[in-house]
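# Coordinate analysis (summary)
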Amino acid sequence: MNKAGTSFLTKIYYSWQFRYTQPGRLLFFGIFFSGVVGSVTVSIPIYHLFIGLILGYAVSFTAGALFHPRVTMTAKIPETITAGETAVCSFHLTNRSRLPAYDVSVGIFGLPSFLKQTAYDATVPVLPPGSETTVTARIATARRGRYALPDARSYTTFPFNLHRIPGASCPLRSLLVLPKYYQLESVGLPAVQKYQPGGIAYASHIGESLEYAGNRDYRPGDPMRRLDFRSWARLTRPVVREYKEEYYTRLALVLDTHLARGLRRRPRGDPQLESGISLTASVVEYLSRREYVVDLFAAGCDLHFLRTGRSTSYFEHILEILATVEECTRNPFEVITPAIAQEIGRFSGILSILLDWDETRREFVRTMNELSGNCTVCIVRDGATSLPVETYDSRTVRFVFLEPGAIMRGEINSI
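Residues numbered from 1 in each chain as written. Predicted model: local features only at pLDDT ≥ 70, side-chain atom pairs only at ≥ 80, totals over all residues. Heavy atoms only, no water.

## Brief notes about the overall build of the chain
Let me state the cut-off plainly: Secondary structure elements are defined from DSSP: runs of H or I of at least 4 residues count as helices, runs of E of at least 2 residues count as strands, and each element is numbered from the N terminus. With a 1.4 Å probe rolled over the protein chains alone, any residue whose accessible area is under 20% of its type maximum counts as buried; one over 50% counts as exposed, and the rest are partly exposed. By the convention used here, residues are in contact when the closest approach between their heavy atoms is within 4.5 Å. Each accessible area value is a Shrake-Rupley result obtained with a 1.4 Å probe; residue values ignore everything except the protein chains displayed when judging cover.
Scanning the chain from N- to C-terminus turns up 9 helices and 20 strands. The buried share among the 415 residues of the chain stands at 44%. Long-range contacts, defined as pairs at least 24 residues apart, comprise 73% of the intrachain contacts of the chain with a sequence gap of at least 6. Here the chain has roughly 21700 Å² of accessible surface; of this, 56% comes from carbon and sulfur atoms.

Right under this line is the structure:
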């Protein structure tokens, strides 16, 4: 179909979705059917009905065009929101005309999938000339992701609520819907601290960093930047500052997004993957409240890697990554295994959240366990795994089995 035909159909769809309210659509069908019936009958009441409906529509359209909202509008919407919650969008309206505006509302039409405008805070009955007001709209979110929002439009349905007469429009920025998470009471993770060479680059505000321990006499080979010149001047001999070394608990958190090719892509996402992402977010929220440094490895079509510091702000950064992670049908463990093995010596332990247990995942866990010796594996699956987990020596690896439904309902308190 050519561009002209596509543009025409787009205008028809826009008029039907935006221009006409539910009563207006019923009026349209009433005009159509009364016209059809009137064309095959000589009954006078049918003609009266047809003419009455046409006149009612004409009066509504003329009054709405005369008093359409000549307003300016600014919008304030949240940057992020958690899936399942409702985003509250505030719109500030100012009437710049010399006529009052009646029944002014704001709508966001053409929202992406998984977003729906649920209700309005209020419709302004009358907006006098030069006056200002605020109208609030609510957007329900059903699934995580980053969504580009269409322009918001002010409109009026005055006088008969049959059709919408548009006013000003306002562009909206994208909305980032974060994955749902729950507060865990405990997570069985290692509390062993390891020395982190150069760790000051990763440690920011919480926990141990390079702390001043005292002074001592200068020895050949000491870095010049540690010389304490005030003490040198007072003692008449070179003195250097000493600092404590950096030890803290660093954890590798691995999220598996690999799904079998035979699984059909679902509109709302695979429940196993969504549950695994929710569990990962819950674990990160737990770790952000404690003395842990987290390195996130999200194994998918693209390897998402985030190295965090010892500050509570990394929780928001990880949520932003988890919000946009998609399922992957290609096996990612050939890529993720070398990435983790390169820095395995710094990790106090590895927590893997897997969606299944097969040959490739078993080989991945075996390699990680041989290198670190401290692995915890959470298998998120409803039903039997591809391979029985009993075939693996579980004496050296801690396994936790979780159902996707229990995770999404918030029934998991500890792992």
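## Some points on the packing of helix α7 (residues 333-341) against helix α8 (residues 359-372)
Inclusion rule: Axis definition: a line fitted to C-alpha atoms, over the contacting stretch in the case of helices. Angles run 0 to 180 degrees between N-to-C directions. Angle categories are assigned with fixed cut-offs, so that under 35 degrees is roughly parallel, over 145 is roughly antiparallel, 65 to 115 is roughly perpendicular, and the rest are oblique. In this classification, Asp, Glu, Lys and Arg are treated as charged, Ala, Val, Leu, Ile, Met, Phe, Trp, Tyr, Cys and Pro as nonpolar, and every other residue, Gly included, as polar.
Taken N-terminus to C-terminus, the directions of α7 and α8 make an angle of 5 degrees; their axes are 11 Å apart at the nearest point. Taken together, the axes of α7 and α8 lie roughly parallel to each other. Contact with α7, carried on its side by Phe333, Ile336, Thr337, Ile340 and Ala341, involves Thr360, Arg361, Phe364, Thr367, Met368 and Leu371 of α8 and no other residues of that element. Residue classes in the contact of α7 with α8 are distributed as 7 nonpolar, 3 polar and 1 charged.

## Comments concerning the sheet that holds strand β6 (residues 124-127)
Operational definition: Any two strands between which DSSP finds at least two bridges are classified as paired.
Strands sit in the order β6-β4-β9-β10 across an open sheet of 4 strands; the sheet is antiparallel. What marks the edges here is a single partner per strand, and that holds for β6 and β10 (165-170). Each strand axis lies, on average, 35 degrees off the axis of its neighbour in the sheet, ignoring direction. As paired elements, strand β9 (residues 152-156) and β10 share 4 bridges and run antiparallel to each other. Of the residues in β10, the one forming a bridge with Thr156 is Ile165.

## Observations regarding the pattern of salt bridges
How we decide: Salt bridges are identified by distance alone: a Lys or Arg side-chain nitrogen within 4 Å of an Asp or Glu carboxyl oxygen.
With the rule as written, the count across this model stands at 15 salt bridges. The partner of Arg289 in a salt bridge is Glu285, with the nearest N and O atoms 2.9 Å apart. Taking the shortest distance from any N to any O, the salt bridge between Arg366 and Glu363 comes out at 2.3 Å. You can see Arg366 and its partner Glu363 sitting in helix α8, 3 residues apart, about one turn around the helix. Assessed through its relative accessible area of 31%, Arg366 is described here as partly exposed. Taken together, the salt bridges that share partners define one network made up of Arg143, Arg144, Glu274 and Glu326.

## Remarks on α8
Let me state the cut-off plainly: Here the expected span of a helix is defined as 1.5 Å times the quantity of residues minus one.
Between its terminal C-alpha atoms α8 stretches 20 Å, which fits the 20 Å expected from 14 residues at 1.5 Å a residue. Residues of α8 that are buried: Arg361, Phe364, Val365, Thr367, Met368 and Asn369. Directly after α8, the chain includes Gly373, whose backbone phi takes a positive value near 75 degrees.

## Considerations on the confidence of the model for the chain
Cut-off, in case you're wondering: The predictor reports its confidence for every residue as pLDDT, a score running from 0 up to 100.
In the predicted model, the chain carries a mean pLDDT of 82, and the fraction of residues at 70 or more is 84%. The least confident element of the chain, judged by mean pLDDT, is strand β12 (residues 194-195) at 54; the most confident is strand β11 (residues 175-178) at 95. Between residues 198-209, whose pLDDT stays under 50, and residues either more than four places distant or in other chains, the model counts 33 contacts.

## Things to note about the side chain of Thr141
Note the following rule: The term polar contact refers here to a pair of N or O atoms within 3.5 Å; inside protein, the definition further demands a hydrogen-donor-capable atom paired with an acceptor-capable atom, and it admits residues adjacent in sequence only when both atoms are side-chain atoms.
Among the secondary structure elements, Thr141 is positioned in strand β7 (residues 132-141). The class for Thr141 is buried, based on a relative accessible area of 5%. Engagement of the side chain of Thr141 in a polar contact is seen with the backbone oxygen of Glu85, the distance being 2.7 Å. Not counting the four nearest positions on each side in its chain, Thr141 is found in contact with Ile81, Thr82, Ala83, Gly84, Glu85, Phe114, Leu115, Leu175 and Val177.

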